[in-house]
Every structure is written in C-alpha cells, then in structure tokens.
Amino acid sequence: MARYLTPSKIGLLALVELYTDAIVPTSSTIPILSFVLNQLLPNNLKSQHNDMAALQSLPFLIDLKAFETVLAPHPAASGLPGRSLWDHFLKKIWDIDSLDALHVFFARRPNLLAKSRDELKKDGEMGIPPPSEDMIMLSRTSPFGSFVRRSKVEFERLRFSDALALWTAFTKWRQGSKAYWSRRNGALGRWAGDSVLAQGEEEWGMEATEMLELVVFGGLDLEDTDEGCVSSDDIEKLLEFQVEQMQKIGSRIPTEIKDKFKGILDESIMVPSLSHYLNFLDAWRSGDYPTSFDNLHRYFDYTMQNRDRLFYQYALMNLAVLQADFGCYDEAVAAMLETISTARENKDNPCLNFALNWMYHFGKAHPNIIKGTDSTNMLGIEREGLAFLRIKAKETGMWTLWSSSLLSEAKLGMSNGESVATIFENLLKSSHLIVDKNIKSMMGPQVAMYSALWARLGVTQLSRQYGDVFLSCHARYALFDDTLRLTGRIAHLLAEKGHYDHAMEKLESLDENALRSWKVNQYWLKYRGILRLKRDLHRNDLDGAGQLLSQLLQSNGPDSDSDLSFEINTLHIDYLIRRTDYGRAMARIEHLASSMKEDGDDINLRIKLLTMKALLQDKCGRPQKGFSVAVRAASIAWRARLIPALWGAMAVLANILASLSEFKASAQILNSVLPRALECENCSLNAQLFSFLVNAYMGMAGQAKDSLKRKENLTKCLDFIDRAFNEYSALEDIKGQCEMMAKKATIMRVVGEKVLANDYASAYLALKKESTLVV
Amino acid sequence: MPLNERETAHLRAALQGAVVKCSERCLYQSAKWAAELLTSIQSSDTSSEPEDSQMTEVPLEGLPPIVVTGNIDPEEAQLEAREINQYLLAKSLFDCREYDRCAAVFLPDTVLSGILSTATPKNQTTSTPKGKGKGKASSTRTSSTGMFKAPRLSQKSLFLALYAKFMSGEKKKDEDSEMVMGPHDGGNTINKQLVTIARFLEGWFAERESENGHATGSQGWLEYLYGMVLAKDKNEEEAMRWLIRSVHLYSFNWGCWMEMTSLISRVEDLNRMSTHLPQNILSFIFHLHTSLELYQSTPTLANSLSQLLTIFPTSPFLLTCLALLAYHTKDFVTADAHFSNLLSLHPHRLDSLDHYSNILYVMNLRPKLSFLAHLCSSVDKFRPESCVVIGNYYSLLSSHEKAVQYFRRALTLDRTCLSAWTLMGHEYVELKNTHAAIESYRRAVDVNRRDYRAWYGLGQTYEVLEMHAYALWYYKRAAGLRPWDGKMWMAVGSCLQKMGRDLEGIKALKRALLADTYYDAGVGNSFGSGGRERGGTMDPEILLQIAGMYERLEDDVEARAYMEMCVAQEEGAADNLEASIINIHSDSQSSDEESRPGAGTGGGDSGAGTGVTAATSKARMWLAKHAMRTGDYTRAMQLATELCQDGVEVEEAKALVREVRVRLEGGGDQ
C-alpha cells in the first residue's frame, strides 16, 4: 500500500496546477479551492459552513466522479470557449502518458511554488528571469504549498516498484473518463494514455502490443480491486476520524463501514497501530471485554516503542477506565492511582487532572471501594477536591475539566440539598464557560443538570423543555450517552403524565447504530423495561409486572446506573404493596434506607423513601405511626427546596391529620398544596392529593352538623372524586379508578340517589371486569 | 548456410539431447539456452508430421526420454542404471537447492575429507597419482590397488555430486560476502569447495589417463567442471585446455563455451585458440558470441550472424547478438529496433535487457526506458537485469543515489554482474565520490577484463583527480579494447596533451579522427542503415586540440592547416573534407588502416556541417589573429567579420576588426 500518494492525490495536484495556471475563473475559485482544501486539511480544522455541506457528501476516497461533479459546471477562464474546467483537468491527467511522464510531472511540481530568496538569487546568476508578478505562486508554507512539497518528497522517496504501483493505479483510476476524453478529442487510439504502447503498436503490431500490455500491467488478475487507491496516510486519517467520532459520540462503528475498514486494512502490510485502538474501542463498546483488553495491550505494545515511555500514563488510564467498566474496581483504582503518580512524575498536567476528575467521579459512584484505599489524602474531602480540580483546570486551561468540575459542584450541592442560589451560580459559571470556549461536548451534562434542577424545583415544564432543546439542537455533537439519558428523562416525564405510548416511541426513535454499544444498550433496555413495568403495575397486571421485575432486579447489580436502580427498587416496593405484601415492602424500604445512609446518597431519594414509608404505614391502617417520618420528610424537602417531594410529604401529613380526624386542617393543607402540585405534572401525586382531599371533605361532611353544610361537602367530594378519577384514568391506574368509583357510589347512596349509586356501582363492576379482561 | 532436411533433423536431435542432458546435470542455463535455440529452428513445413517421425529416427529411437537419457557407453549405462534411484534423489535435492545433501548422496563427506587430507599439497596434474595413491591407501578402509580410490560411480552422478559441491561452495561464498561495497567487502571471499573438487577430479582423471593424456571413456562433463574450477582458481591457461577438451568430447554444452568466452580477453587469443576448437555449429556460434563480447563488429561477423539467423530465424539469443552488433557500431537506432522487436517476441525474457537499457539511455528515450523498467519490474523485480534497467532509468532522471541503490541490489543478487559494477562507477562519478567510483570500476574490471567502459571510467576518474599518468594507462587499456572508438583515442590524446607529450598526443588524436569516420561512415554504410550518418565530418574539438598542440610544437603550418580544417567543419562540405583527409594521410605515418576512411567518406556525403560551435569560433579567432600576424589583413578582416556575425566573442572580434581597419588604412596610407 502506498504511504501517501494515491491517484486521487495526483488529481488534486493537477487541480492545483490548473489553479495556478489561472484557468480557474474568479467566480469558481472558491468552490474549487474549498474542494481541494477539504481533502487536504485535517478534519478538526474544518469549519462547519453551510456551503461545505455539498462537499461533505463527497466520498472520503475521491474518485474521478467526484472531480467531475465539482469541475464540470465551471467554465474555463481561458482556452477554447465551451470547454469546462473538467476538460482542462482531463487534459492534464491524460497528458501523463507514461511512467516517465509521471516522473516529469512530479519533477515539475516545485515550479508551482514561490521561489525563496536564495533560489531567486541563484536563478538570477543563471540568467533566469524572476517569475512575473501576476502569476499565481503558492507560498511554501500555505496548505497548497506544503501539499505540493510533501507530494514531491513522498514521490521521491518511493521505491521503483511503489512508483510503478502508483502508475498502474493511476491508469486504472482515470480509465473511467476515457470515453468522454476520446469523444472530446476525436477518436483516440486503443493505447491512449500510454505513449510507449501507442508508438510500439506501429512497430510490434496489435497482438504483440496487447501481450506486452498484459505482461506489463498484469491484466491477469481479474478482480477489480482499487489497489493503490488508498494510502496509509488516508487510512490514518480515517482511523483518527473514526476514533474521534467514537470518543466524541460514543457509538460503535457501523457494520458496513467496519467491513470496508477490514478490507482496506487487510490490503496494507503496515497496519497502523491506531487500528488496534479502534478495535479496542469497538470491542469495549460492544461489551466484549476480553477482546478489548487484548486490543488495548496490543495497541500499547505497538505504540510504546516509537513514542517512548512518555505515554505510559495514558495506557494506564485507559486500562483503569476499562477495568472499571469491566467491574474490576480494585484493579481500576490501583491502575488509576498509578496513573496519577506517573502523571505527576512526568508533569503531565492534563493527564493528571483527568485522572483526578475520574477518581472523584468514581469515588462518588463507588464510595465503598475508595474507602479501602487511602486516597482521601489525594483529593481531600469532596468539596476541597473539587475546588482543587477547578483551580488546576483553570491553570492548565482545560476548559472541559473546569466546566465539569463546576457541574460536579452543582450536583454535589443539589444532592446535599444546599442553597439553590449556589447551585444556579455554579451552573451559570459553567454555562458561561461552555459558551465562551465553545465546548460542545459539555452541553449534554450542562443541560441535564438544568433539567434535573428544574424538575427538583417542581417546574416540570421547563425541565422537559431543556431536554427537548438539547435533543433538537445539541445532540449531534454530544456524547450519545447524554442523548440517551435526556431522552430517558423525557420519557419518564411523559410516563408520569400517563403518555406511555408516546414515551415508548421516544425511546424507540433513538439511533439504532448507536444502540449497538453494550452499556448504552443495557441502559436503554432497562429503561424500556421500567416503562412497561410501570404501565403493568398501574393496570394491575401483577403477573406481568412480576415477570418484568424479576428480570430487572436480576440485572440491578452494583455496577448499574444508580438512578435506574433506585427507580427499579421503588417499583419493586410498589409491586409488593400492590400484592399487599407489606412486611416485605417494609423490609425492602428499611434495607434501602440503611444502604443509602451509608453511602450518603441523594437527598431527594431519601425523602422519597421516607414518604413511601409513611404511605406504607397508612396502607397498613396505622397512619399515625408514620407521622414523625412524614414530618421529617416534609421539613427536609422544604429545606432543600425539593418541591415535588415536599408535596408528596405534605400529602402524607394531610392524610395522617385526616386519620386523626383533623379533617379541616387536612383539607386546608391539601387545598393550599394542590395548585402548586399540579405544576409538577405528576399524575399519581395529583390523584393521591385529590383522593386525600376527598377523604378530608368526607370527614368534614361527617362532622358537619347541618345538612346544608354536609351536602356542600359531599358535592365537593364528588367533584374531587371526578378529578382524582380523571388523573387515575390518565395513568390507566385501574385500582385507583375503582376506588374512586366505589367512593362515588357510596356518596350517592348516602345522598340517597339510588339510581345513580347503582349506575356507579355497575360502572365499578365494569371497570373491574375490564381490568381482569386486560389481564 | 542453409541446411538440408537431414541436417536440420540432426541438429534438432542434438539440441534435444543437449537440453535433456544439461538438465539431467542441473545445468539449467545451458539447458535453457539449448531449448531456446531448439525451438527457434524453423519447422520444415506444415506437413511435417510424417517427416518428423522419419527425422527423429536418425539418432534416437522415438521420442527423446524426458527424465533420463541412456548412455552410449555400455559400462556407464550399466552404472547409471544401478544408481538410478540415488540419482533421482540427488537430482531432486539439487532442485530444492540442498546442495550439500545432494553431494552427500554419492560422495559422503568422509570420502571427500579423505581426499583432502591425503592429497599432496603440490598442484601437479600428471605426476602425482602414484604418490597420492600411496598416501591414500593408508587412510581409506579398502586398499585394493593403492591407486586413487573414488567410489565407483557413473560420470553423470559424479558430475552431479561434484557440481552440487561446487554450488554449495558458491552459495556459502555469497552468504559470507559482506554487503556490496561495504567496509569489509574486499571481493576476496572464495569458494572453499574448489580445492576439494579440484583434488578429486585430478585424481579421477589421473586414474583413467591413457597415453595421449586424455582420460578414457570420459564424456566431457567432468572436464567442463574441472575447467570451471581451474578458472575460478585463476589458472586460466590450464582451464582453457580442459574446457577445450570438454567441448571436443561434448560440444552442445553451452555453459562450457561461456566459460571459454569469459577466459578470452583479446581478439588475438580468440583467433589463436579457434584452431584448436572442433568445427561445428556451436563453435561457430561461440566465435560469434565471443567476438561480440570483445566489441568486434566486422562485416564478416555480420555475415556469419545472418547465416546463423537463416537456421534459427527466431532465436532470441541471435537476435540479441544482432542488436548488440548494431550497438557496438554505435548504430543505436538499429539496435533499438532489434531489441524492440525482441521484446515484442519474448515479452517475458529479461536476459540482456540491461544492454537495451544502455541503448535507450544513450538515446535519451526516457518514456521507453521507463516502460522497459516497468516491464522488467513486473516480470521479476529481483533479477539483476531488472535492477540494472531500473538503475539506468534513475540515472537518466539524475537521481543518482537511487540509481546506486538499484545497482547495488543487482550486485547483491549477482556479484558478477559486470554492467552493474561499471554503471555504479559512473553513478559514483556523478556523485563526486571518486573513491567509490574507482573501487567499483576496479571490481568491474576484475570481474571481466574486457569492459572498456570500466577502463575508460577509471581513466576519467583519475583525470578528475588530475593523476594523468594513471589515467593514461587506463585510457590506453580502453583504447586497446576498442581501437575504433574515437572517444577512447581522444581521451588518450587529451591526456597526453596534459602531460605535455604533444607528439604522441597528436598521433592519438589523429587516430580518434580516423576512428570516428570509420564508425560513422564505413560500418554504417555496410549495414545499410545510414541512420545517423554524419557524412564524415570530423570533430572540430579534436581538430582544434591538434592544432593547439602543433602550435605548442611551433609547427605553424600544421597548426594553421588544422585550424582551417576545424573552421571548414562548419560547412562540412565534401570537397574541403577530401583535401583535409589527404592532408592527414600525407602527415601520418601509421598503419594501412587509415586509408579506409578516405574511401568510406568519399561516397555519399550529405554536406551537413556542424555549424558554428565554440571550437570553430576559437579556431576562427586563432586564424584571424594568425592572419594579423602574417599580415594578411583582408583575410583577417573577413574572418573577424564572420566572427562578429556568429555572435561568439563579439567584443574581441570587434576589437580585431577595428585593429584590422586601422592597419588596412594605415597600410593604404603608406
């Protein structure tokens, strides 16, 4: 395989020559130049212009067709009228009519370059006049100039056989334009493009010439390979691009591209070591850990020697991350600690900062493992560690790390239930940094944080909007992980409103290729499972739910996502409650609470647990027992401004008050809470609040002395029952619906409306029947 | 020399036999050569089927056996029959290039070491057997006669075994040699098996020697091997004797002839030894080939070549000879045409394409040379010929480092690749690495003493180093090899001139003049190509040089005559040329050959001159000044104005004109 030069590079050189020949008219200069530059510049330097969109669609390895599409529409500035640039271009490439002409072609390349002062002086001595001012000369250091010079040098260092390979590949490459070219130029001979064969035909005759051609060009291999059309330079570029994409977006290589890659790499003798890295990434993403270990070690074995030991820490870092993913936390921590010390030794600040950042997050996720190692002296206490990281990041100009440490601080504040203002401050700082430095990759965490914050503050609308904004604007440049998480959050919100189908749709619409990555796929599958589990629970399809739950619980190991595992646990408890297995539910709650206390987990979750415990007491018929729990939950939630949780706690409190026959107080609380709670758009909370309110009014009706007041309360009851019923039916919660129906029927009977009572009772039965039918 | 049916059939059968016999003995190149020749015999007619069967009946019954031939000698035949299985094993091993194992099939190492240890160190050929036999008897286990005791083997097996030993030695030699032109590459690694083989063969021949000094019943192959071994040992006289004996016994072994060619370094040697050779078609071809190797290009040679071509009309070997013949006469166009034709007939044949690349190089046909390089590289990248062609191409592109690299590769593949050594020398000269250049030229000459280019290159290099005495020596060698090449004589002449030996220098340069006209007109005409005939114009440079030397010798008349002649070359017209040549003749006292150019050039002169060159301008200037000195102002005036017109050294010419005008006017006044 060629190192650098390919037929398409010759084409580009010819195009550059066309440009310097001033054949390109002024109007078409920009498209032509941008076409060439697009091929020459490395990927990360390219700006995303709108007019580049057309160029983006070009194949990576440009063939003749690509040249034609670019060149054919432009007329030439000189020469015969009616000739396009494409004709001029063809003339250039068909003028290379022998191997020698190819050598001459490359030998002539320096003529395109502006002469240095020394050369001008030398020319002056030789009597060669300096080039005129109006000629287009390429500066030696311009992208074009360096391309021309590099091509020249690369051609010179080719061995003869490589030059031959280039020549044969070139003849094959331009073959496609032969028909057009010969039509334009009158009939061309059989041997157009090879002057020696054309001359030889007169001497040798047709047959012998053909034979010679076969011998020389080796026409015996039948397959139409594009051998020689790909250089290792191209491959390296391609690999770099791919690795970058994989690291940036976090997806795997699409299958069809993988096959192509394999084909190209098989051809080359020198396999770039980067390809091992690519394999490593792919294997890692696909969850094939043995292969990924293998490939990672292979990559570093091959790179170690030519890049010295300077990169040792990066090897360790990759290894640590991989180990962590693999579940070998102890090894991961050990490797990362070594990374840190090596990075310190080598004064590699970026690496050190990254490693520390990783360590911090790892510590957050797996506190019990970090505890084992004496790493506390490394980063100090959490907050100090973060501050340290932030300062370091600022010093070394690592904007990503800086903003991520700010976000971490915000998150820390959030989970500890600290001042909302401080959290906002951190978020704003980070946001400023992201916008200022154009760190597109950090947009995901930033938006996720915003969305979470608004959700905690009870403004679900805003929270959802942030998610939508991210998905429609930033998802393209962000890690797929972020996309998935935010999609999950939106789906969750939708499910809370009872739009199960819509939520499911959202999840289904994710990029299929990106989902091939193992971890992502697991997350996605779990999320879908959770959604279905919720629906089943609400529909009272307990058998189906049990089945789903057993699967989800199985995969709810320590390495799974903490948010998800909490969600699964809550649903488990819900399931147990619906099964009326209160004892086990209680045990489960206790277990969760104790493990949470150990880890110092998110305050929001703790409140949720407390609320759940209080509710459970209520279910057991001993609501008063949950009083202290509920009060604690409410006070914590109030302090931390966790609004939805606060309303939940308040609901429980109100219920307890109702059980103590303090109906008025209960109704008061509920009446004041309800409008705010409706903002949260959480149907189950609303339904619960409404049903508690019904209870409170019912109680008040019972306490009422005069019938008027009683009637009034009963009407209010009916009203709220309807609303609760509506919320329950939005959730498709059959049990709740039935309860409401039963209450309604009872009220009707109390009021004396027998017919209506009968109607509601039959509606209740119908609902029951329906639910059994669904099951 | 057309042959009749019967003779053709004989020839064909003999060649068939040769192919089989050579390949039986693993002489692949000889077999290839014979087979090429065999297929190039024109089959008599379309109706050759029945005739063929008649023809083949003559020497052999039916078809020639492909695997093994029978032997006419009954004793040998019996031996061969007995050894057939071992023989087949040995041959397969040889084909797999396991030489030592192959040799050990027939001659286990114990036998060979026995010979080595007991043989007397003296290198005698006739009187040793008895003494050696005695020594031998003590060491070997059997002691039947006390004579040289070799295992009783057929000659074929013996040849194969010893040849395998020889090849193994060559292989080891190649492996032991250092990198080409590396610090330790003295070119003096030797084949360590030579002594063993020589001793063994010595003994073998001595054992069977009859009164007339020939081994009885020998079939020629072992003699060939012995000759080859002796030649490697630089014992050339003796080697030649054995080789001649071999071709007498079996003449269809082309390898043997090739060995002889490489031993002949002068035409005289060739002529002297040709009386000892058997008279058959092979010796005819040998004569032709060797003459070509010695850069001969006489009409007789051309004649004999065309005769051979009537028998073997499509033989690539002979076509190559044809092209080389044209090349040696500097008729590049014809040579190119011949090679080109050869290429179209045998596109996969790489042999001697390196010569073709030299021709294309000289003609500066870059596209064609690139195509040739492409072809060679596609057929086989790792043949010395391919590497030389590629090297030549790079040299033409002025990438001398790369050229050197490829020549080196050629030499790594085959250290005896003569042209690569020479060409590498040229490249080193271009790279101004005179030390390396001298070394590689020296190696070229060591490989083959007939390479005039290497000698010439050596001379040139020493001239660059301003060591004229050395340069002269080498130039003389080159001129001796190519007496009809003006360039050589010119080099000799200018060298002599620089050493201040003007008289000799003049002589040499005059020869150069003659030689030029000889090739240009004489030979060119005789081949009827006439492509690059320059009509017998002489090189004005040389004329100027001669004139200059005469001037230094203070022979004004001669100097002036030569200056006139030099100027006359501008027109190159026939009449003054005639005069000038006569002028030379009257002057020269050298041999009779010099009458030829006059006759040659007399004919079809196109009258195309060289035009104004630096040399003629200088000559004109000299003449003008001379005319001034002698007072011939009108002439001086005429010459000076001509100079002004020519546009060379205008200033000086104008000054001259002014001066002449002054003088003329002054003269008029007086």
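Calculation notes
Residues numbered from 1 in each chain as written. Chains lettered and ligands numbered in written order. Predicted model: local features only at pLDDT ≥ 70, side-chain atom pairs only at ≥ 80, totals over all residues. Heavy atoms only, no water. UniProt positions renumbered as here; feature names shortened; annotations may be inferred. Helix = DSSP H or I, 4+ residues; strand = E, 2+ residues; numbered from the N terminus. Contact = heavy atoms within 4.5 Å. Areas by Shrake-Rupley, 256 points an atom, 1.4 Å probe, with all protein chains shown as cover. Phe/Tyr/Trp six-rings, centres within 6.5 Å; stacked < 30°, edge-to-face > 60°. Lys NZ or Arg CZ within 6 Å of the ring centre and 35° of its normal. Buried < 20%, exposed > 50% of the residue type's maximum accessible area, 1.4 Å probe, protein only. Lys, Arg positive; Asp, Glu negative; His and termini not counted. Salt bridge = Lys/Arg side-chain N within 4 Å of Asp/Glu carboxyl O. Buried area = accessible area lost by both parts, 1.4 Å probe. Polar contact = N/O pair within 3.5 Å; in protein donor to acceptor, adjacent residues only side chain to side chain. Expected span 1.5 Å × (residues − 1). 1 Å grid on protein atoms, 1.4 Å probe; cavity = no way out; pocket = protein on both sides within 12 Å on 5 of 7 lines; lining within 4 Å. Points joined across faces, edges and corners; volume = space filled by probe spheres on them. Nonpolar A, V, L, I, M, F, W, Y, C, P; charged D, E, K, R; others polar. Patch = residues over 30% accessible without salt bridge, like charges linked within 9 Å, V, L, I, M, F, W, Y side chains within 5 Å. Axes fitted to C-alpha atoms, helices over the stretch in contact; angles between N-to-C directions. Parallel < 35°, antiparallel > 145°, perpendicular 65-115°, else oblique. Core = buried A, V, L, I, M, F, W, Y, C linked by side-chain atoms within 4.5 Å. pLDDT = per-residue confidence, 0-100. Left-handed = near helix turned anticlockwise from the far one by under 90°.

Chain B has the name TPR-like protein in an unreviewed UniProt entry, where Hyaloscypha variabilis is given as its organism.

The name an unreviewed UniProt entry assigns to chain A is Anaphase-promoting complex subunit 5, from the organism Hyaloscypha variabilis. We quote the UniProt Sequence similarities (unreviewed entry) comment for chain A here in full: "Belongs to the APC5 family."

Student: In this structure, what is going on with the overall build of chain A? I would like to understand it.
Tutor: In terms of helices and strands, chain A carries 40 helices and 0 strands. Across chain A, contacts joining residues at least 24 apart in sequence account for 65% of those joining residues at least 6 apart. Only carbon and sulfur atoms are counted for the fraction: they give 54% of the accessible area of chain A, which is about 38000 Å².

Student: How should the packing of aromatic side chains be read in this particular structure?
Tutor: Aromatic ring pairs are reported here in terms of the distance separating the ring centres and the angle at which the planes meet. Per the stated rule, a full pass over the model turns up 51 aromatic pairs over all chains. Among the aromatic residues, those joined into a cluster by ring pairs are Tyr28(B), Phe94(B), Tyr99(B), Phe159(B), Tyr163(B), Phe166(B), Trp221(B), Tyr224(B) and Tyr250(B). Its guanidinium or amino end placed over the ring of Trp399(A), Lys437(A) lies 4.2 Å from that ring's centre, counting from NZ or CZ. Across the ring face of Tyr87(B), the terminal group of Lys156(B) is positioned such that the distance to the ring centre comes to 4.6 Å.

Student: What should I look at first to understand the side chain of Asp482(A) in this one?
Tutor: On the secondary structure map, Asp482(A) appears in helix H27 (residues 480-496). Among buried charged residues, Asp482(A) stands out as having no salt bridge; its nearest opposite-charge side chain is Arg485(A), 5.6 Å away.

Student: Please explain the interface of chain B and chain A as it appears in this structure.
Tutor: Often, the extent of an interface is quoted as the loss of accessible area on bringing the components together. Each side of the interface is counted separately: chain B has 25 residues, and chain A has 26 residues. Interface area for chain B against chain A, summed over the two sides, is near 2100 Å², with a carbon-plus-sulfur share of 67%. In terms of surface lost to chain A, no three residues of chain B exceed Ser344(B), Phe371(B) and His374(B), which account for 29% of the buried area on that side. Linking chain B with chain A are 1 salt bridge. Inspection of the chain B/chain A interface yields 7 residue pairs in polar contact (both at pLDDT 80 or more).

Student: For this particular structure, what's the right way to read helix H1 (residues 5-24) of chain B?
Tutor: Think of an α-helix as turning once every 3.6 residues; residues three or four places apart then point the same way. Residues and elements named next belong to chain B. Taking 1.5 Å per residue, 20 residues should reach 28 Å; H1 reaches 28 Å between its end C-alpha atoms and fits that length. Of the residues making up H1, those classed as buried are Thr8, Ala9, Leu11, Arg12, Ala13, Leu15, Gly17, Ala18, Val19, Val20, Cys22 and Glu24. Positive backbone phi, approximately 65 degrees, marks Cys26, located one or two places after H1.

Student: I would appreciate a short explanation of empty space enclosed by the protein in the present structure.
Tutor: Using a probe with the size of a water molecule, rolled over the atoms, empty space left in the structure can be pinpointed. Residue and element names in this part refer to chain A. Under the defined criterion, the tally for this structure stands at 8 cavities of 30 Å³ or more. Reported here for the largest cavity is a volume of approximately 70 Å³. What lines the largest cavity is Met414, Gly417, Glu418, Val420, Ile423, Leu453, Arg456, Leu457, Ala640, Arg641 and Leu642. Residues of the lining of the largest cavity, tallied by class, amount to 7 nonpolar, 1 polar and 3 charged.

Student: Would you take a moment to explain a nonpolar patch on the surface for this structure?
Tutor: A cluster of nonpolar side chains, Leu465(B), Met467(B) and Tyr470(B), forms an exposed patch at the surface whose accessible area comes to about 270 Å². Counting through the fold element by element, Met467(B) comes out in the loop between helix H24 (452-464) and helix H25 (468-481).

Student: Help me understand unusual backbone geometry in this model?
Tutor: Outside of glycine, negative phi angles account for most residues, and trans bonds account for most peptide bonds. All names here are of chain B. The backbone of Cys26 shows a phi angle near 65 degrees, a positive value even though the residue is not glycine. With respect to the element layout, Cys26 can be found in the loop between H1 and helix H2 (28-39). Its relative accessible area of 1% is what places Cys26 among the buried residues. Positive phi outside glycine occurs at Asn364, with the angle close to 60 degrees. With respect to the helices, strands and loops of the structure, Asn364 is situated in the loop between helix H18 (353-363) and helix H19 (366-379). In this structure Asn364 comes out as partly exposed when scored by relative accessible area, which is 48%.

Student: Explain the packing of helix H11 (residues 195-204) of chain A against H19(B) to me, please; I cannot follow it from the model alone.
Tutor: The relative placement of two packed helices is expressed as an angle between their axes plus a distance between the axes. Orientation of H11(A) relative to H19(B), taken along the N-to-C sense of each, is 90 degrees, at an axis distance of 9 Å. Compared by their axis directions, H11(A) and H19(B) come out roughly perpendicular. Facing Ser195(A), Val196(A), Leu197(A), Glu203(A) and Trp204(A) of H11(A), the residues of H19(B) in contact are Pro367(B), Lys368(B) and Phe371(B). Here the contact of H11(A) with H19(B) is built from residues that sort into 5 nonpolar, 1 polar and 2 charged.

Student: What is the right way to read the UniProt feature "repeat: TPR" (unreviewed entry) in chain B from this model?
Tutor: Residue and element names in this part refer to chain B. Under the local residue numbering, the UniProt record ascribes the feature "repeat: TPR" (unreviewed entry) to residues 384-417, 418-451 and 452-485. End-to-end, the C-alpha atoms of residues 384-417 are 7 Å apart, and along that stretch the chain is 79% helix and 0% strand. Along residues 418-451 the backbone is 79% helical and 0% strand, and the end-to-end C-alpha distance reaches 8 Å.

Student: Looking at this structure, how should I read the pattern of salt bridges?
Tutor: Proximity of charged atoms lets side chains of opposite charge pair with each other. In the structure shown here, the tally under the stated rule is 54 salt bridges over all chains. Residue Glu508(A) pairs with Arg528(A) through a salt bridge whose shortest N-O separation is 3.3 Å. With Glu508(A) in helix H28 (residues 500-508) and Arg528(A) in helix H29 (residues 518-538), this residue pair connects regions lying 20 residues apart in the sequence. Using a relative accessible area of 41% as the deciding quantity, one classes Glu508(A) as partly exposed. You can call Arg528(A) partly exposed: its relative accessible area is 21%. In this structure, the salt-bridge partner of Glu564(B) is Arg635(B), at a minimum N-O distance of 3.0 Å. Of this pair, Glu564(B) sits in helix H29 (residues 556-568) while Arg635(B) sits in helix H33 (residues 633-646), and the two are 71 residues apart along the sequence.

Student: Even after reading the chapter, I still don't get the nonpolar core, so can you show me in this structure?
Tutor: Within soluble globular proteins, side chains that are nonpolar generally end up buried alongside one another. Phe89(A), Met260(B), Phe312(B) and Leu372(B) are the most contacted members of the largest nonpolar core, which has 249 residues in total. In contact with Leu372(B), not counting residues within four places along its chain, are Leu343(B), Leu353(B), Tyr356(B), Ser357(B), Leu360(B) and Val389(B). Core analysis: the second largest hydrophobic core is formed by 63 residues, Ala651(A), Ala658(A), Tyr728(A) and Leu767(A) among them.

Student: Mind showing me how you'd approach the environment of Leu472(B) here?
Tutor: Residue and element names in this part refer to chain B. With respect to the element layout, Leu472 can be found in helix H25. Owing to a relative accessible area of 4%, Leu472 belongs among the buried residues under this scheme. Distance from Leu472 to Gly493, taken between C-alpha atoms, is 8.9 Å for residues 21 residues apart in sequence. If sequence neighbours within four positions are ignored, Leu472 has contacts with Val492, Cys495, Leu496, Met499 and Arg501.

Student: Whenever I open this one, the confidence of the model for chain B confuses me. Can you help?
Tutor: Close inspection of predicted coordinates is inappropriate in any region flagged by low pLDDT. All names here are of chain B. Of all residues in chain B, 78% have pLDDT values of 70 or greater, and the mean over the chain is 77. Highest mean pLDDT in chain B belongs to helix H20 (residues 384-396) (92); lowest belongs to helix H31 (residues 595-602) (37). The low-confidence segment residues 520-535, where pLDDT is below 50, has 27 contacts with residues more than four positions distant or belonging to other chains. Low pLDDT, under 50, characterises residues 573-607; the predicted model gives this stretch 42 contacts beyond four residues in sequence or across chains.

Student: Is there a simple way to think about the confidence of the model for chain A in this case?
Tutor: Chain-level pLDDT for chain A is 81 on average; 89% of the residues reach the 70-or-more range. Considering only residues more than four positions removed or in separate chains, one finds that residues 47-55 of chain A, a stretch of pLDDT under 50, has 5 contacts.

Student: I'm lost on H25(B) in this one. Help?
Tutor: Taking 1.5 Å per residue, 14 residues should reach 20 Å; H25(B) reaches 20 Å between its end C-alpha atoms and fits that length. Of the surrounding elements, those touching the buried residues of H25(B) are helix H23 (434-447), H24 and helix H26 (486-498) of chain B.

Student: Quick question: what am I supposed to make of the packing of helix H1 (residues 7-20) of chain A against helix H6 (residues 99-107) of chain A here?
Tutor: Residue and element names in this part refer to chain A. Packing of H1 against H6 leaves a shortest axis separation of 12 Å and a crossing angle of 50 degrees. The orientation of H1 relative to H6 falls into the category oblique. Crossing of H1 against H6: the hand is left-handed. Each of Ile10, Leu13, Ala14 and Glu17 in H1 lies in contact with H6, whose residues at this interface are Leu102, Phe105 and Phe106.

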